Amino acid sequence: MPTTIRMARAGTKKRPYYRIVVTSSRSPRDSKFIEKIGTYNPLLASEDPARVHIDAERAKYWLSTGVQLSDRVHVFFNRAGLVQTMPAFK
């Protein structure tokens, strides 16, 4: 089963809140997921440390299994020092 780490939207209308989840790459955005490994709150200031929270230990485990990252999650992981390269944007 190919897995990916991506964001699943939560929150209400015009008040987005995202979970960073490990899920099957074939499942829809907000459907079932394997594990929640972090959160992202875009409404907080960019300097706020609570804006992006990632469980580094679980993220390293999933990266060691060869999971794919979405572009936005890749940026978050790069800033947290979990991956070293930037994705190739089209």
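The model shown is predicted, which means the values in this text are computed figures rather than measured ones.

Draft legend 1. Here's a closer look at the pairing of strand E3 (residues 35-40). Most of E3 is tucked away, with five of its six residues classed as buried. With five bridges joining them, strand E2 (residues 15-24) and E3 adopt antiparallel strand pairing. Residue pairing for E3: Tyr18 is matched across the bridge by Tyr40. Pairing analysis gives three bridges linking E3 to strand E4 (residues 52-54), with the strands arranged antiparallel.

Draft legend 2. Structural context of the environment of Leu43. Turning to its location among the elements, Leu43 is positioned in the loop between E3 and E4. Between the alpha carbons of Leu43 and Lys14 there is a distance of 9.9 Å; along the sequence they are 29 residues apart. If we skip the residues at most four places from it in the chain, Leu43 touches Arg15 and Pro16.

Draft legend 3. A look at the pattern of salt bridges. Applying the stated criterion to the full structure yields one salt bridge. A salt bridge links Glu35 to Arg58; the shortest N-O distance between them is 2.8 Å. With a gap of 23 residues between them, Glu35 in strand E3 and Arg58 in helix H1 (residues 56-64) connect regions that are remote in the sequence. Using a relative accessible area of 18% as the deciding quantity, one classes Glu35 as buried. Of the residues examined, Arg58 reaches a relative accessible area of 28% and is grouped as partly exposed.

Draft legend 4. Local environment of the sheet that holds strand E1 (residues 3-12). What the five strands build is an open sheet, ordered E4-E3-E2-E1-E5; its pairing is mixed. Both outer strands of the open sheet, E4 and strand E5 (68-69), are each paired with one neighbouring strand and no more. The sheet contacts of H1 involve E1, E2, E3, E4 and E5, and relative to E3 the element is tilted by about 125°. Where helix H2 (residues 71-80) meets the sheet, its contacts fall on E1, E2, E3, E4 and E5, and the angle it forms with E1 comes to roughly 100°.

Draft legend 5. Quick look at the nonpolar core. Ranked by size, the top nonpolar core spans 17 residues in total, and within it Ile5, Ile20, Ile37 and Phe77 carry the most contacts. Listing elements by their share of this core, those giving two or more residues are E1, E2, E3, H1 and H2. Once you skip the residues sitting within four places of it in the chain, Ile20 turns out to touch Ile5, Arg6, Met7, Glu35, Lys36, Ile37, Gly38, Thr39, His53, Ile54, Val73 and Phe76.

Rules behind the numbers
- In this convention, every chain numbers its residues from 1, walking through the sequence in written order.
- In keeping with the model being predicted, local features are shown solely for residues with a pLDDT of at least 70 and side-chain atom pairs are shown and tallied solely at 80 or more, while totals for entire chains, interfaces and linings include all residues.
- Water and hydrogen atoms were dropped before computing side-chain values, which therefore reflect all heavy atoms in the structure.
- Only protein chains enter the calculation, and the probe is 1.4 Å; a residue is then buried if its accessible area is under 20% of its type maximum, exposed if over 50%, and partly exposed in between.
- Where helices and strands are cited, they refer to DSSP runs of H or I of at least four residues and of E of at least two residues respectively, numbered from the N terminus.
- At least two bridges found by DSSP between two strands are what make those strands a pair.
- What makes two residues a contact is simply this: any of their non-hydrogen atoms within 4.5 Å.
- Salt bridges are identified by distance alone: a Lys or Arg side-chain nitrogen within 4 Å of an Asp or Glu carboxyl oxygen.
- Angles here are taken between N-to-C directions and fall from 0 to 180 degrees, while the axes themselves are lines fitted to C-alpha atoms, restricted in helices to the stretch in contact.
- To define a nonpolar core, start from buried Ala, Val, Leu, Ile, Met, Phe, Trp, Tyr and Cys residues and group those joined through side-chain atoms within 4.5 Å.

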